[in-house]
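# Report on the structure
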Amino acid sequence: MDARIYDRMRLRRRLMAGGTLVLMALIFVSALVISGQALRGARIDLTENRIYTVSEGTRQIVAGLEEPVSLYLFFSESAAADYPALRTYAQRVRELLQEIAARSGGKVRLEVIDPLPFSEAEDRATAFGLEPVPVGTRGQSLFLGLAGTGATGAETVIPFFQPDKEAFLEYDVAKLIQSLSAAQRPVVGMMSTLSMGPGFDPGTGQVSQGWVIDGELRQLFELRRVERDVDSIDLDIDLLVVVHPKGLSEAATYAIDQFVLGGGRLVVFVDPYAESDPDGLAASLQAQAGGASSDLPRLFEAWGVRYDPGLAVLDAITALQVQASPDGAAVRHPALLGLGSEQFNREDIVTADLQALNFASSGYFDPADGEGLSMEPLVQSSAASAPVDVARLYNLDDPDRLFDDFQPRNRHHALAVRLSGRTRSAFPEHSGRPGHLAESLENANIVLVADTDLLSDRLWVQARNFAGQRVTSAFADNGNFVVNTIDNLLGSDELISVRTRPTSQRPFTVVESLRRMAEDRFRSKERELQAELLETERRLAALQAEAGAGGAMPSGVEEAEVDRFQAQLLQLRRELREVRFQLDADIDALGARLKAINIIGVPLLVTVFALGFAFWRARQRRRAIEGTQ
């Protein structure tokens, strides 16, 4: 073949190959651009509980908007340049808002604004009430907040998106959107003998912000204080919350009775031992029975509810660990209950998706014999529980002593219940009064909770000051439970489905189960050794004290006795250390197995798969060669 023809053919092939590569590159870039525009915002959520997917509740809230709302996300891009974690979280917020706006059909309008220093955008953010956080050494201010406006002129804001509250991100946004669409917030009455709201704290001499749950309710509803001595409940109150009704007057009790019969919704928190009640705490320190308890006996009897304010529930399974003394080991407190999903009613929307609730010295409810309202448990103890005299909780210095003579009943105790149905007045003698209702006009809807301490901050939330703001971080769902209950009784199920979405956090259920089993196995042995150790130390100290007091050297017998006690003391301490070591042995073994699987098992499995695939390919290639011969 002519060399020139060969060179032309080779050049043509090279040009064709180069052109093909250029064409493929153009097709690839075009596909990226087109897919980037066509699939903007599209994601595949492969997480276990689809935590990155907008919930159905948010979609319903957005679909129910009668007028469009405008959202303004203020984020300081330049000020956050040195904070990659904050920039990542800001991107998460932006993507969520963009997805909500994209699914709203134009009802939600989103504008992302970078409020540069000394700009009109910064003035606008400040006018909305967003509070910047100072960052860096040059006095820069960083905004990461959301402002919303409605067609009627309503405004509401999220001052700052806290990264440690990512689990509540969608709920906070959905709550903001719903508040812009609501013409008027529901009125919730609060009758409480506990100081839950803002006020003056005589202990510190400063103004108190009140309990976090009180602030949450004030944000969501029009919260109206109801005095304890009222003789009627205002007709415009949609729902009444009664907390710790200690020594409630007959007039106030009758007012609650008529409120329920007239169709009012009711949530009641009673307690056999309200640890958050200063008066009750003082009474318990003096061992005065009933000083810290609350009850509504007449109403409970009319509703068909049995409740004993002198009994508190102990639970061996859900007992939380506490530090009994600063230098002591953590012990389980059977009256301090850390309730998990197994203790919640999964058929009721209030508790369907809660993860954790903390109760303290809780009572329980039972249906009374005879007629009464239908009772459905919402929260209950485990089967390894039993009621005890509440006086055993007074002046308790060692929670472990509550396990003495503890005999579980092998039954669940209802700590929170829902009552529904028709009922009659608890005050039939008032039938002659003008406007008296002898029976309910419609089905009553009541929720009873046998604990008030679950409302206090210490059992579910940590509050701290951050850049002049009160920052809260919830470690339990107590606040969710309360708000879910009120939302449900008021008829707002959409917001509940958003609030109670699972978080990315997963409890170490296997580890906790192993720990409980180990503690149950070794607790009795540890107590026996501890008691023997204390007795040996006492006798050894007595012998040494006798020898020192007499001023004489101990005799051979006494010396041998001292040596024997010291040897016994060392042996007991050695055995006690071994028992405490065994408490974590199963957990350590589990950790070792997981490490072995991760370090050895997974690479070995991949290697075996790779070798098998290579062997299969070699066989296929050999068969192909043999077939062509």
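Being a predicted model, the structure only gives us computed values, none of them experimental. (Residues numbered from 1 in each chain as written. Predicted model: local features only at pLDDT ≥ 70, side-chain atom pairs only at ≥ 80, totals over all residues. Heavy atoms only, no water.)

### Focus on the overall build of the chain
- What the chain contains, in helices and strands, is 14 helices and 24 strands.
- Within the chain, the proportion of its 629 residues that are buried is 43%.
- Summarising the internal contacts of the chain: among those between residues at least 6 apart in sequence, 73% fall at separations of at least 24.
- Split by element, the accessible area of the chain, about 34400 Å² in all, is 54% carbon and sulfur. (Helix = DSSP H or I, 4+ residues; strand = E, 2+ residues; numbered from the N terminus. Buried < 20%, exposed > 50% of the residue type's maximum accessible area, 1.4 Å probe, protein only. Contact = heavy atoms within 4.5 Å. Areas by Shrake-Rupley, 256 points an atom, 1.4 Å probe, with all protein chains shown as cover.)

### Let's talk about the sheet that holds strand β11 (residues 239–243)
- Strand order in the open sheet formed by seven strands is β10-β7-β11-β12-β22-β21-β19, with mixed pairing between adjacent strands. The sheet is open, and its two edges are formed by β10 (222–225) and β19 (374–380), each paired on a single side. Adjacent strand axes in the sheet meet at a mean angle of 20° when their direction is disregarded.
- The sheet contact formed by strand β21 (residues 414–421) and strand β22 (residues 444–449) spans six bridges and is antiparallel. Paired with Leu419 across the bridge in β22 is Ile446.
- Helix α6 (residues 212–220) rests against β7 (187–192) and β10 of the sheet, and its axis sits at about 125° to β10.
- In the packing of helix α10 (residues 478–490) onto the sheet, contacts are made with β7, β11, β12 (265–269), β19, β21 and β22, and the angle to β12 comes to roughly 160°. (Pairing = 2+ DSSP bridges. Axes fitted to C-alpha atoms, helices over the stretch in contact; angles between N-to-C directions.)

### Considerations on the environment of Gly304
- Among the secondary structure elements, Gly304 is positioned in the loop between α9 (297–303) and β13 (305–306).
- Along the primary structure Gly304 and Leu373 are separated by 69 residues, whereas in three dimensions their C-alpha atoms are 6.0 Å apart.

### Digging into the side chain of Ser76
- Examined against the element boundaries, Ser76 turns out to sit in the loop between β1 (69–75) and α3 (84–102).
- Separated by 2.9 Å, the side chain of Ser76 and the backbone nitrogen of Phe143 make a polar contact. (Polar contact = N/O pair within 3.5 Å; in protein donor to acceptor, adjacent residues only side chain to side chain.)

### Focus: the packing of α6 against α10
- Direction vectors running N to C along α6 and α10 enclose 35°, while the axes themselves pass 10 Å from each other. Helix-helix and strand crossings are classified by hand; for α6 and α10 the assignment is right-handed. In this structure, α6 contributes Ile213, Leu217 and Leu220 to the contact, and α10 contributes Gly479, Val482, Val483 and Ile486.
- When grouped by side-chain class, the residues that make up the contact of α6 with α10 number six nonpolar, one polar and no charged. (Left-handed = near helix turned anticlockwise from the far one by under 90°. Nonpolar A, V, L, I, M, F, W, Y, C, P; charged D, E, K, R; others polar.)

### Let's talk about the nonpolar core
- Ranked by internal contacts, the top residues of the largest apolar core, which has 77 residues, are Leu144, Phe161, Val379 and Phe481.
- The element that contributes the greatest number of residues to this core is α3, accounting for eight residues.
- Ignoring anything within four residues of it in the chain, the contact list for Leu144 reads Leu73, Phe74, Phe75, Leu86, Tyr89, Ala90, Pro159, Phe160 and Phe161.
- Counting 36 residues, the second largest nonpolar core, distinct from the first, contains Val230, Tyr254, Tyr307 and Ala414. (Core = buried A, V, L, I, M, F, W, Y, C linked by side-chain atoms within 4.5 Å.)

### Some details on the sheet that holds strand β6 (residues 155–158)
- Across the sheet, which stays open at both edges, the four strands sit in the order β2-β1-β5-β6 with mixed pairing between neighbours. Whereas interior strands pair on both sides, the edge strands pair on one side only; in this sheet they are β2 (108–113) and β6. Across the sheet, the mean angle separating the axes of adjacent strands is 15° when strand polarity is ignored.
- For strand β5 (residues 144–149) and β6, the ladder comprises four bridges, and the chain directions are antiparallel.

### Things to note about unusual backbone geometry
- Not every positive phi belongs to a glycine, and Phe118 is a case in point at roughly 60°.
- With respect to the element layout, Phe118 can be found in the loop between β2 and α4 (120–128).
- Positive phi, normally seen in glycine, also occurs at Ser361, with a value near 45°.
- Along the chain, the position of Ser361 falls in the loop between β17 (357–360) and β18 (366–367).

### Side note on α10
- End to end, α10 covers 19 Å across 13 residues, agreeing with the expected 18 Å (1.5 Å per residue, within 8%).
- Burial analysis of α10 places twelve of its 13 residues in the buried class, the great majority of the element.
- All of the buried residues in α10 are Asn478, Gly479, Asn480, Phe481, Val482, Val483, Asn484, Thr485, Ile486, Asp487, Asn488 and Leu489.
- In the segment just after α10, Gly491 is the residue with positive phi, at about 95°. (Expected span 1.5 Å × (residues − 1).)

### Details of the packing of aromatic side chains
- Tallying each qualifying case throughout the model produces ten aromatic pairs.
- Aromatic side chains Tyr254 and Phe427 sit 5.3 Å apart centroid to centroid with 85° between the ring planes, which places their arrangement in the edge-to-face category. Here Phe427 lies in the loop between β21 and β22 and Tyr254 lies in helix α7 (residues 250–261), a separation of 173 residues in the sequence.
- Classification of Phe427 by relative accessible area gives buried; the value is 1%.
- Where Phe403 meets Phe406, the ring centres are 6.2 Å apart and the plane angle is 85°; that geometry is what we call edge-to-face.
- Three or more aromatic residues joined by ring pairs form one cluster here, namely Phe300, Trp303, Tyr307 and Phe365.
- In this arrangement the basic side chain of Arg124 is found over the ring face of Tyr72, its NZ or CZ atom lying 4.5 Å from the centre.
- When the ring centre of Tyr254 is taken as reference, the NZ or CZ atom of Arg433 above it lies at 4.9 Å. (Phe/Tyr/Trp six-rings, centres within 6.5 Å; stacked < 30°, edge-to-face > 60°. Lys NZ or Arg CZ within 6 Å of the ring centre and 35° of its normal.)

### Thoughts on the pairing of β2
- In this structure, β1 lies alongside β2, joined through six bridges in parallel fashion. By the bridge assignment for β2, Ser70 is matched with Arg109.
- In this view, the connection linking β1 to its parallel neighbour β2 by way of α3 has right-handed handedness. (Right-handed = clockwise from strand over helix to strand, strands pointing away.)

### Quick look at a nonpolar patch on the surface
- A surface patch of nonpolar side chains, amounting to about 400 Å² of accessible area, comprises Phe28, Val29, Leu32 and Val33.
- Summarising the element assignment, Phe28 is placed in helix α1 (residues 3–38).
- Judged by relative accessible area, which is 52%, Phe28 ranks as exposed. (Patch = residues over 30% accessible without salt bridge, like charges linked within 9 Å, V, L, I, M, F, W, Y side chains within 5 Å. Salt bridge = Lys/Arg side-chain N within 4 Å of Asp/Glu carboxyl O.)

### Let's talk about the pattern of salt bridges
- Counted under the stated rule, the structure contains 17 salt bridges.
- As a salt-bridge pair, Glu439 and Arg424 come within 3.5 Å of each other at their nearest N and O atoms. Within this pair, whereas Glu439 is found in the loop between β21 and β22, its partner Arg424 is found in the loop between β21 and β22, the two being separated by 15 residues in sequence.
- Judged by relative accessible area, which is 42%, Glu439 ranks as partly exposed.

### Considering the environment of Arg59
- Note that Arg59 resides in helix α2 (residues 56–63).
- You can call Arg59 partly exposed: its relative accessible area is 33%.
- In this structure, Arg59 is in contact with Thr53, Val54 and Arg103, ignoring residues within four places of it in sequence.

### Some remarks on the side chain of Thr423
- If you trace the backbone, Thr423 turns up in the loop between β21 and β22.
- With residues near it in sequence (within four places) discarded, Thr423 still touches Leu261, Ala302, Trp303, Leu373, Glu439 and Ser440.

### Quick look at α6
- Burial analysis of α6 places seven of its nine residues in the buried class, which makes it a mostly covered element.
- Among all positions of α6, only Val212, Ile213, Asp214, Gly215, Glu216, Leu217 and Leu220 are buried.

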